[in-house]
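Descriptive analysis of the structure
What follows is the residue order along each chain.
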Amino acid sequence: MAGTDIGAARAEQPECRSARAAIPGYLDRRLDARHQRRFEAHIDRCAGCIRAFIDVRQVGWARRSASGARSWLN
C-alpha cells in the first residue's frame, strides 16, 4: 500500500463515514449517550477520523478567534 493515504482509504468505510458525519453533533453536544460512546470509541482507534476531528476543531477555533478579533476592533 505504498503511497496510499490510509486515512483517506478508511474514510470510505461505513464506520468512518458515520463517525465523520457525527463530528458536528459531537462538538455541539447533540449526540445521545449511545452515539457519543460509539463515536468516541471509533476515534480512539482510527487515526484518520481523529485527524478529521482535530481539523474540524481547529477550524472552529480559528473562526471564533477571527470573529472575536473583528468584533473587538469595531
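Just so you know, these numbers come straight off a predicted model, no measurement behind them.

Moving on, we get to the environment of Ile-43. If you trace the backbone, Ile-43 turns up in helix H3 (residues 33-45). Spatially, the C-alpha atom of Ile-43 lies 8.2 Å from that of Phe-53, the residues being ten residues apart in sequence. Excluding its chain neighbours within four sequence positions, the residues that come into contact with Ile-43 are Cys-49, Ile-50 and Phe-53.

The next thing to look at is helix H2 (residues 14-27). Relative to the 20 Å expected for 14 residues at 1.5 Å per residue, H2 spans 20 Å between its end C-alpha atoms, a close match to the ideal helical length. Where H2 bends most, at Ala-21, the angle is about 35 degrees, and the proline Pro-24 comes one to four residues later. Along H2, the residues that are buried comprise Cys-16, Ala-19, Ala-22, Ile-23 and Gly-25. Trailing H2 by a residue or two, Arg-29 shows a phi angle of about 60 degrees, which is positive.

Interaxial distance between H2 and H3 falls to 10 Å at its minimum, and their mutual angle equals 120 degrees. As summarised for this structure, H2 and H3 are arranged oblique, according to the angle between their axes. Remark: the crossing between H2 and H3 carries left-handed chirality. From H2, Glu-15, Cys-16, Ala-19, Ala-22, Ile-23 and Tyr-26 reach across to H3, where they touch Gln-36, Phe-39, Glu-40, His-42 and Arg-45.

Low-pLDDT stretches of the model should not have their predicted coordinates read in fine detail. Looking at the chain as a whole, its pLDDT mean stands at 84, while 76% of the residues score no less than 70. When the elements of the chain are averaged for pLDDT, helix H1 (residues 6-11) gives the smallest value, 60, and H3 the largest, 97.

Right, let's talk about the pattern of salt bridges for a bit. Side-chain pairing between opposite charges can occur once the charged atoms of the two side chains come close. Per the counting criterion, the structure on display carries three salt bridges. Between Glu-15 and Arg-45 there is a salt bridge whose closest N-O contact spans 2.1 Å. In this pair, Glu-15 is assigned in helix H2 and Arg-45 in helix H3, connecting sequence segments 30 residues apart. The class of Glu-15 is partly exposed, set by a relative accessible area of 38%. Owing to a relative accessible area of 52%, Arg-45 belongs among the exposed residues under this scheme. With its nearest N and O atoms 2.7 Å apart, the salt bridge here joins Asp-55 to Arg-51. With Asp-55 and Arg-51 both in helix H4 (residues 47-73) and four residues apart, this pair spans about one turn of that helix.

Conventions and cut-offs
- Residues numbered from 1 in each chain as written.
- Predicted model: local features only at pLDDT ≥ 70, side-chain atom pairs only at ≥ 80, totals over all residues.
- Heavy atoms only, no water.
- Helix = DSSP H or I, 4+ residues; strand = E, 2+ residues; numbered from the N terminus.
- Contact = heavy atoms within 4.5 Å.
- Expected span 1.5 Å × (residues − 1).
- Bend = angle between axes of the 7 residues up to and from the residue.
- Buried < 20%, exposed > 50% of the residue type's maximum accessible area, 1.4 Å probe, protein only.
- Axes fitted to C-alpha atoms, helices over the stretch in contact; angles between N-to-C directions.
- Parallel < 35°, antiparallel > 145°, perpendicular 65-115°, else oblique.
- Left-handed = near helix turned anticlockwise from the far one by under 90°.
- pLDDT = per-residue confidence, 0-100.
- Salt bridge = Lys/Arg side-chain N within 4 Å of Asp/Glu carboxyl O.

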